[in-house]
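Remarks on the overall topology
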Amino acid sequence: MEFIEHDFYLNPICIGLIALLILTLCMYKRQGRAKLPPGPWHIPFIGNAWELAADPDLRKSLRRLHKQYGDIYRLYMGPKLAVVISGYEAIKEVFVKRGGEFSDRPDSLFSSLIAENQGIVSTSGDVWKEHRKFTLTTLRNFGFGKTSLEEKIHTEISILLSEITKQNEEPFRIQLLVQTSVSNVINAMIFGRHFKHDDPKFGKVMAIFDEHFENNGPNNVVAFFPFLRFLPGDMFHVKKTLRNVKYVEEFIGDLIDKHMENYDEKKMEDFIDAFLLEMKNHQDQKDSTFTKKQLSKTVLDLFSAGTETTATTITWALLYLAVKQDIQARVFHEINKVVGTDRLPSLQDKRKLVYTEAFIMEILRSCNIVTVSLPHTCSVDLKIRGFDIPKGTTLLPDIDSVLFDPKIWGDPEEFRPERFIGEEGTLLKPEEFIPFFTGRRNCVGESLARMELDLFIPALVQRFEFLPPEGITLDIKELDGVFGITHKPKPFEIRAKLRNK
Ligand code: HEM
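Residues numbered from 1 in each chain as written. Predicted model: local features only at pLDDT ≥ 70, side-chain atom pairs only at ≥ 80, totals over all residues. Heavy atoms only, no water.

1. Remarks on a nonpolar patch on the surface
A surface patch of nonpolar side chains, amounting to about 430 Å² of accessible area, comprises Trp41, Ile43, Ile46 and Trp50. Residue placement: Ile43 occurs in the loop between α1 (2–32) and α2 (50–53). (Patch = residues over 30% accessible without salt bridge, like charges linked within 9 Å, V, L, I, M, F, W, Y side chains within 5 Å. Areas by Shrake-Rupley, 256 points an atom, 1.4 Å probe, with all protein chains shown as cover. Salt bridge = Lys/Arg side-chain N within 4 Å of Asp/Glu carboxyl O. Helix = DSSP H or I, 4+ residues; strand = E, 2+ residues; numbered from the N terminus.)

2. A word on the pattern of salt bridges
Inspection of every chain in the model, using the stated rule, returns 31 salt bridges. The partner of Lys488 in a salt bridge is Asp210, and the shortest N-O contact between them spans 2.8 Å. One end of the pair, Lys488, is in strand β8 (residues 487–489); the other, Asp210, is in helix α9 (residues 200–215), and 278 residues separate them in sequence. With relative accessibility at 10%, the residue Lys488 sits in the buried group. Here Glu470 makes a salt bridge to Arg495, at a shortest N to O gap of 3.8 Å. Of this pair, Glu470 sits in the loop between β6 (464–467) and β7 (481–483) while Arg495 sits in strand β9 (residues 495–498), placing them 25 residues apart in sequence. (Buried < 20%, exposed > 50% of the residue type's maximum accessible area, 1.4 Å probe, protein only.)

3. As for the packing of helix α8 (residues 175–190) against α9
Put simply, α8 and α9 touch, their axes get as near as 11 Å, and they point 105 degrees apart. For the element pair α8 / α9, the angle class is roughly perpendicular. Contacts from Leu176, Gln179, Thr180, Ser183 and Asn187 of α8 reach α9 at Phe202, Met206, Phe209 and Asp210. Its residues assigned to classes, the contact of α8 with α9 shows four nonpolar, four polar and one charged. (Axes fitted to C-alpha atoms, helices over the stretch in contact; angles between N-to-C directions. Parallel < 35°, antiparallel > 145°, perpendicular 65-115°, else oblique. Contact = heavy atoms within 4.5 Å. Nonpolar A, V, L, I, M, F, W, Y, C, P; charged D, E, K, R; others polar.)

4. Thoughts on unusual backbone geometry
Positive phi, normally seen in glycine, also occurs at Asn117, with a value near 55 degrees. Locating Asn117 in the fold gives a position in the loop between α5 (109–113) and α6 (125–141).

5. Observations concerning the UniProt feature "binding site: heme" (unreviewed entry) in the protein chain
With numbering aligned to this structure, UniProt lists the feature "binding site: heme" (unreviewed entry) at Cys443. For Cys443, the position within the fold is in the loop between α16 (406–409) and α17 (446–463). (UniProt positions renumbered as here; feature names shortened; annotations may be inferred.)

6. Some thoughts on the sheet that holds strand β1 (residues 72–77)
In spatial order, the strands read β1-β2-β5; together these three strands make up an open sheet with mixed pairing. With one partner strand each, in any of the chains shown, β1 and β5 (394–398) form the two edges of the open sheet. The average angle at which neighbouring strand axes cross in this sheet is 30 degrees, direction not considered. The sheet contact formed by β1 and strand β2 (residues 80–86) spans six bridges and is antiparallel. Each bridged residue has a counterpart across the sheet, and for Ile72 the counterpart in β2 is Ile85. (Pairing = 2+ DSSP bridges.)

7. Quick look at the site of the ligand
Taken together, 28 residues lie around the ligand, and Arg105, Arg132, Ser373, His376 and Cys443 are the ones closest in. Between the ligand and Ser373, the relevant distance is 2.6 Å, taken from an oxygen atom to a side-chain nitrogen or oxygen of the residue. Put simply, the parts of the chain that give the shell around the ligand at least two residues each are α6 and α12 (292–323). The element contributing the most residues to the shell around the ligand is α12, with six residues. Class assignment of the residues belonging to the shell around the ligand gives a composition of 18 nonpolar, seven polar and three charged. (Near = heavy atom within 4 Å. Polar contact = N/O pair within 3.5 Å; in protein donor to acceptor, adjacent residues only side chain to side chain.)

8. Remarks on the packing of aromatic side chains
Enumeration over the complete set of coordinates arrives at 21 aromatic pairs. Aromatic pair Phe195 and Phe202: ring centres 4.5 Å apart, planes at 0 degrees, arrangement stacked. Both residues of the pair, Phe195 and Phe202, count as buried. Site record: aromatic cluster; members linked through ring pairs are Phe191, Phe195, Phe202, Phe209, Phe251 and Phe303. Over the aromatic face of Phe404 sits the side chain of Arg59, whose NZ or CZ is 5.9 Å from the ring centroid. (Phe/Tyr/Trp six-rings, centres within 6.5 Å; stacked < 30°, edge-to-face > 60°. Lys NZ or Arg CZ within 6 Å of the ring centre and 35° of its normal.)

9. Quick look at the pairing of β2
A regular strand places its side chains on the two faces of the sheet in alternate fashion. When you tally the buried positions in β2, you get six out of seven residues, the bulk of the element. The turn joining β1 and β2, which pair antiparallel and follow one another in sequence, is formed by two residues; a positive phi near 65 degrees is taken by Gly78. The pairing of β2 with β5 spans five bridges and is parallel. Bridge pairing in β5 links Val83 to Leu395.

In structure tokens form, the structure reads like this:
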């Protein structure tokens, strides 16, 4: 029995290794003739991905490599060629001016295993174009980026404020509360419903998102050596990830089934309803991509990206406010002057809340939650600045190299909201400010995220003073984060003191 088990694990590994070896040899033969961008020394087949993992702070590794090899350099993720694109000019040249050529997603273990190459985040070509367009149009119809959504966001904010009040000014972990409230905004648009803060099933989904975003960042080695997932145990969290995806998909599947049971063409209330109508309209078309699977994967993309990113940004903002009391005092002073304390801040106030807006922009720049943007690829052999980029190469857009470029910001390491305020006291919008990336594949949820940040953060500061736990000085080190798919703060506790009792 023992032998059989051993054999079961060994066979796929051996087959995987041999297949990989043959592929690698063919690839090196082909690449041997190409003029590839410069890059650090690598071991054939093993690559040099450790260059990215050399420091727990991914940004330090990226900055060292950028300094050494310039704006366009190569790395080998296992046997796979990856090219990092750094600096605003190079990013604009590749992903904006030549966006049509570099907007595909590469094949990866996670895009095939988790997304099954469906949804929006992992698709390419016509399927991606059709579904990105459909998603944006549909979400706009349900309020995306429109002031009509403000009321819904205010409802979620009021619930969050009362959940925080329940903590009685004791130290607590605010992350889950923020995550649930933010998620409920996108939930209203996709599922047409709200989940309670103490809903255990929903709470598990939130915990799964956290785990997923933490474990599956750009330096998880199993992405470069997929056969490692067959090793006994679960060292690279692949089995855990698959169990998690199954749980979330069942959660989404139940909600889709309920929508199908109650489907009424005269009552289009959310994204799922609109997608079901599209499925019906395409039912005679044999190769239609409006399928139940595509619906489930698109919802998974919107639900996870729409929850984790914005919640992480708000959590960073609260941590910075607790550490930087002088900045918090200035933000509160402005809100108190412009809005007062009798009503929630609204989008109309945004124009006058210049310092608060500048603070939010500085959080987006400085915490840079998507340090390296999602991978892109090209479907044919291309050249960039004279370098060959073979088809299928993974292109990694280094957002950090732009948001921390001293030539653009002068003192990028300083946390200084004033950098976004012009001489006349108006808000500046530098074109290099790209936390949501740029070009054709930029963030689908930018307008929603900006609305949420502009409403949640001022409302929280209006009601509470955020402080470190008593007797503890949170210093700048507390602001170090962990790098996964997003850059998020390490778990921390905070106190929320009511301003007007
Ligand atoms: C502060 C919040 C957010 C930040 C910083 C952010 C940032 C990003 C970045 C950098 C990308 C990668 C672009 C690329 O492919 O290179 C992206 C893609 C994406 N984001 Fe966001 N995002 C945020 C919020 C949201 C929200 C609220 C949603 C919900 C709808 C969302 C949905 C998506 C989707 C679906 C994609 C994939 C787009 C595609 O592949 O065409 N994001 N985001």
